[in-house]
Amino acid sequence: MKRWMGIAVILLLLGILPQVLGDYYVILLTKILIFAIFAMSLDIVQGYVGLPSLGHAAFFGVGAYTIGIFSIKVLNNFWINLPLAIVLAGMVAALFGLLVLRTRAAYFFIITAALSEVLYGIACTWRFFTGGHDGMPGIARPDIGFIPWSLLSAANYFYFVLFFFIVAFILMYVVVRSPFGHIIVSIRENELRMRALGYHTWLYKYVSFIIAGLFAGLSGGLLVYLNGFVSPDVLRISLSAEALLMVLLGGAGTLIGPVIGAASVVFLENIVSSYMERWVLMLGIIYVLVVMFTPQGILGLINKMSLKSQAKV
Amino acid sequence: MKALVADKICKNFEGIQALLNVSVEVEIGERRGMIGPNGAGKTTFFHIISGILSPTSGSIYLFGKDITHLPMHARANLELSQTFQLISLFKKLTVLENIVLALQSFKRRKYILHRPLSIYKDVFNEAEKALQEWELWDKRNLRVSELSYGEQRLLDIMLALIGKPRLLLLDEPTSGLSLAEVKTVISRIRALSREITIIFIEHHMDVALELAERVTVLHMGQVVAEGTPTEIKRDPRVKKIYLGTEKG
């Protein structure tokens, strides 16, 4: 009951905020939601299955470039382009998964980064399609057709992204609560025993990798619609590392954790950076403190504090 | 038909010959003990049977089916189950969750992505029945890491048995247990149906000879003796391996 009340309050707040905040902050909130989807998708692989990837931006970038290329060079149709962005990101994840899931631990980390760099290289050099380092400007916000509001307004686009965030959250929540979700967590805990129990662990990891790719593609597409621009930066290792940081900072192995992590990182990146030049240093310090004192992330700290306060009562 | 036929199994680890032409045949329903000093190759043999390791050469037949090249999970689906030398559980999960996990592996719903696990009441009912039978029901909500070592060992064996395997490999099931716990484990193993063939590795000679109907002795990667416990006790080669002398 308490949980549902909490969710209702948060949704109410998210409904009201765009009406009272200026455009800059609404865009910031929109970015938080987009990166929250991205971080949650990474958490499926990293937190639930236990495979830390440094190449998750690859699927984000595929989603982003699909929207960019199709909107500008083929057809600007949201109903075709966004699903296509999601499917293509999933297909690239399916292809990469065949290669990366042969490895584990540090090798997995390195090979995911290397494959992401391959796509970054293609985006930089295939100028005809991608615009090279200059990127592709002039990507229009989606035209949904049947809704009477224009998505050009920051508030309307926020609600549009909020809808996708809620859908993505619910879908991922359903997956992690399913027998499949129970199994991937157990693979993280003890893969050998899972194999001994008759589970085809590779298949579970592969499907999880594809699911993560699909949602990353969605978030990449939504970001391009927000910015109206796509460049090779969406494929950089630094973006993958940032997502990794969001997951670890918020709390891996939960869906709320990455949302908190995304909010913290995007907030620091955009707000603190306007007051101090070395905001990354601050992010680094916060990260070190979290790892040292609350390895379960900010969510772990919140849970610990609420347990303590309950014990006092 | 035999429960298990291991035919001339060899295993070479980069120049170290861990197993050399090991051939073992186990009858259906048999209790087979495997003994031998440390480094004899017992666990390597188990790992080859279960699919953790591939043999360098040789073949393995499980109830007449060639499983030499099958992956581990596929062997488990052919009703081959095992426990490990070191307890291998899901320590962050509760006792109940561990059992549910083992039960799910035999159901097609293990691939379900769109429904919560909690709606499958039948699995939880089966888990309750099993936990009550093994006297662990009161501890169902404890994390495995909160159980005593002996309880963890029991749960470990329980996990291997829950899918009603036809062949069970137990790697040192009594290791690290107190005398009272050893007795409990032995009585549990004794009570198992004859439909389950059991091969076990045991360091406690008395336990091995008490539980087994036949015993295979491995030494330096080779089978040096095989027979009933009485035959093994009298075998001069076994005495030499264990006591350094052929005199008993």
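**Describing the overall build of chain A**
Assigned secondary structure in chain A consists of 14 helices and two strands. For chain A, the C-alpha atoms occupy an extent of roughly 55 × 45 × 40 Å along the three principal directions. The buried share of chain A, reckoned over its 313 residues, is 48%. Put simply, 76% of the contacts in chain A that link residues at least 6 apart link residues at least 24 apart.

**Regarding the overall build of chain B**
Within chain B, the regular secondary structure consists of nine helices and ten strands. Taken against the 2.2 N^0.38 rule, which gives 18 Å for 248 residues, the C-alpha radius of gyration of chain B at 19 Å falls within 12% of a compact globule. Evaluated residue by residue, chain B yields a buried proportion of 40% over its 248 residues. Contacts in chain B between residues at least 24 apart in sequence constitute 66% of all its contacts with a sequence separation of at least 6.

**Some thoughts on helix 5 (residues 149-161) of chain B**
Residue and element names in this part refer to chain B. If you check helix 5, its first and last C-alpha atoms are 19 Å apart, about what 13 residues at 1.5 Å a residue would give, namely 18 Å. Within helix 5, ten of the 13 residues are buried, which leaves the element mostly enclosed by the surrounding structure. Of the positions making up helix 5, those classed as buried are Q152, R153, L154, L155, D156, I157, M158, L159, A160 and L161. Against the buried residues of helix 5 lie strand 6 (80-83), helix 3 (95-104), helix 4 (121-133), strand 7 (167-171) and helix 6 (179-190).

**Structural notes on the environment of H182 of chain A**
The topology assignment puts H182 of chain A in helix 8 (residues 179-189). Between the C-alpha atom of H182 of chain A and that of L301 of chain A, which follows or precedes it by 119 residues, the distance is 24 Å.

**Quick word on the interface of chain A and chain B**
When the parts come together, some accessible area is lost, and that loss is often what is quoted as the size of the interface. Between chain A and chain B, the residue contacts involve 19 residues of the former and 24 residues of the latter. Looking at the side of chain A that touches chain B, the elements with two or more residues in it are helix 7 (154-177), helix 8 and helix 9 (191-196) of chain A. Among the residues forming the side of chain A that touches chain B, the class breakdown is nine nonpolar, six polar and four charged.

**So, helix 1 (residues 2-20) of chain A**
The first and last C-alpha atoms of helix 1 of chain A sit 27 Å apart over 19 residues, in line with the 27 Å expected at 1.5 Å per residue. Across the 19 residues of helix 1 of chain A, one count as buried, placing the element largely on the outside.

**Focus: the domain arrangement of chain B**
Residues and elements named next belong to chain B. Partitioning chain B into structural domains gives domain 1 (1-79 + 164-248) and domain 2 (89-162). A separation of 27 Å is found between the C-alpha centroids of domain 1 and domain 2. Every contact between the two is made by nine residues of domain 1 and, on the other side, seven residues of domain 2. Top contributing element to the side of domain 1 that touches domain 2 by residue count: helix 6, with three residues. Split into classes, the residues belonging to the side of domain 1 that touches domain 2 amount to five nonpolar, two polar and two charged.

**Quick word on the pairing of strand 7 of chain B**
Residues and elements named next belong to chain B. Extensive coverage of strand 7 is indicated by the burial of five of its five residues. By the alternation rule, side chains of strand 7 split into L167, L169 and D171 and L168 and L170, which are all buried. Inspection of the sheet shows strand 6 paired to strand 7 by four bridges, in the parallel sense. For Q82, the partnering residue across the bridge sits in strand 7 and is L169. Strand direction decides the pairing type here: strand 7 and strand 8 (residues 197-201), joined by five bridges, are parallel. Directly across from L167, in strand 8, lies its bridge partner T197. In terms of handedness, the path from strand 7 via helix 6 over to strand 8 forms a crossover that is right-handed.

**Some thoughts on the packing of helix 3 (residues 57-74) of chain A against helix 10 (residues 201-227) of chain A**
Residues and elements named next belong to chain A. At a minimum axis separation of 6 Å, helix 3 and helix 10 run at an interaxial angle of 45°. Here helix 3 lies oblique to helix 10, going by the angle between them. Between helix 3 and helix 10 the crossing geometry is right-handed. Contacts between helix 3 and helix 10 involve F59, F60, G61, V62, G63, A64, T66, I67 and G68 from the first element and G213, A216, G217, L218, S219, G220, G221, L223, V224 and Y225 from the second. A per-class count over the contact of helix 3 with helix 10 returns ten nonpolar, nine polar and no charged.

The rules behind these values
- Residues numbered from 1 in each chain as written.
- Chains lettered and ligands numbered in written order.
- Predicted model: local features only at pLDDT ≥ 70, side-chain atom pairs only at ≥ 80, totals over all residues.
- Helix = DSSP H or I, 4+ residues; strand = E, 2+ residues; numbered from the N terminus.
- Buried ≥ 20, exposed ≤ 12 C-beta atoms within 10 Å, placed from the backbone.
- Contact = placed C-beta atoms within 7 Å.
- Rg over C-alpha atoms; globule rule 2.2 N^0.38 Å.
- Expected span 1.5 Å × (residues − 1).
- Nonpolar A, V, L, I, M, F, W, Y, C, P; charged D, E, K, R; others polar.
- Domains from an automatic or database assignment.
- Pairing = 2+ DSSP bridges.
- Right-handed = clockwise from strand over helix to strand, strands pointing away.
- Axes fitted to C-alpha atoms, helices over the stretch in contact; angles between N-to-C directions.
- Parallel < 35°, antiparallel > 145°, perpendicular 65-115°, else oblique.
- Left-handed = near helix turned anticlockwise from the far one by under 90°.

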